[in-house]
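Commentary on secondary and tertiary structure
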Amino acid sequence: MTDQTPGPTPTPLHWKLVIDAADPHAQADFWAAALHYTAEDNSALVERLLSAGALPGAATVEYHGRPAFRDLIAVRHPDDPYDPQTGTGLGRRLLFQRVPEPKTVKNRLHLDLHAGPQQRPAELARLQALGARVVREVKEAGGEWLVLTDPEGNEFCLQ
């Protein structure tokens, strides 16, 4: 028989959703606009790493007028905390990382955006103006939604 005495409550893990991308900065721009999120400003960290010689200049790009990592960038919920020393979000985040291969198959994980039936047409038009494409409409007993793709072909749903 095992001891049933409750132990300390474990601390929830901090997480981020990482999305492979051919162009992480373009994806960050799309998803920041789509979700009304904020692109992280890691410029202070990038500058510190460059000055210390810990990061080669070739590993950086200019992003919205400031230095950024070439191969990754994140977007975060604007109300969530972040580390002012690094610009890294400490809450809800999407991190886009550069990969050499293109997307070739259906996502195993996707985002559902909840606009509601009244706002869905306006939200669809806004997302399409940002570069989203409609793949199909779904009408089932459980509800109705649209399957869309972002500019790199990653599927997501609009409910």
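Here, every reference points to the structure presented above.
Reference entry: report on the structure contained in this document. Remember, predicted model here, so these are calculated numbers, not experimental data.

**Some points on the overall build of the chain**
Check the secondary structure of the chain and you find 3 helices and 10 strands. Listing the helices and strands of the chain from first to last along the sequence gives β-α-β-α-β-β-β-β-β-α-β-β-β. Here the C-alpha atoms of the chain give a radius of gyration of 19 Å, more than 25% beyond the 15 Å that 2.2 N^0.38 yields for 159 residues. Dimensions of the chain, computed from C-alpha atoms along their principal axes, come out at roughly 60 × 60 × 30 Å. Out of the 159 residues belonging to the chain, those deemed buried represent 36%. In the chain, once contacts between residues fewer than 6 apart in sequence are set aside, the share between residues at least 24 apart is 61%. Total accessible area computed for the chain in this model is approximately 10000 Å², and 56% of it derives from carbon and sulfur atoms.

**Some details on unusual backbone geometry**
For His36, which is not a glycine, the phi torsion comes out positive at approximately 60 degrees. Examined against the element boundaries, His36 turns out to sit in the loop between α1 (24–35) and β2 (38–39). Non-glycine residue His64 carries a positive phi angle of around 55 degrees. By secondary structure assignment, the location of His64 is in the loop between β3 (60–63) and β4 (66–69).

**Digging into the side chain of Thr149**
Within the secondary structure, Thr149 is located in strand β9 (residues 143–149). Excluding residues that lie within four positions of it along the chain, Thr149 makes contacts with Gly131, Ala132, Arg133, Val135, Asn154, Glu155 and Phe156.

**With respect to the pairing of strand β10 (residues 155–158)**
Along β10, one buried face is formed by Glu155 and Cys157 and the opposite face, lined by Phe156 and Leu158, is buried too. Relative to β10, strand β7 (residues 112–113) is paired through 2 bridges, and the arrangement is parallel. Each bridged residue has a counterpart across the sheet, and for Leu113 the counterpart in β10 is Leu158. Looking at chain direction, β9 and β10 are connected through 4 bridges and run antiparallel. Looking at β10, one finds that Leu146 is bridged to Leu158. Connecting β9 to the next strand, β10, in antiparallel fashion are 5 residues, including Gly153 with a positive phi near 90 degrees.

Here is what the cut-offs are and how they apply
Residues numbered from 1 in each chain as written. Predicted model: local features only at pLDDT ≥ 70, side-chain atom pairs only at ≥ 80, totals over all residues. Heavy atoms only, no water. Helix = DSSP H or I, 4+ residues; strand = E, 2+ residues; numbered from the N terminus. Rg over C-alpha atoms; globule rule 2.2 N^0.38 Å. Buried < 20%, exposed > 50% of the residue type's maximum accessible area, 1.4 Å probe, protein only. Contact = heavy atoms within 4.5 Å. Areas by Shrake-Rupley, 256 points an atom, 1.4 Å probe, with all protein chains shown as cover. Pairing = 2+ DSSP bridges.

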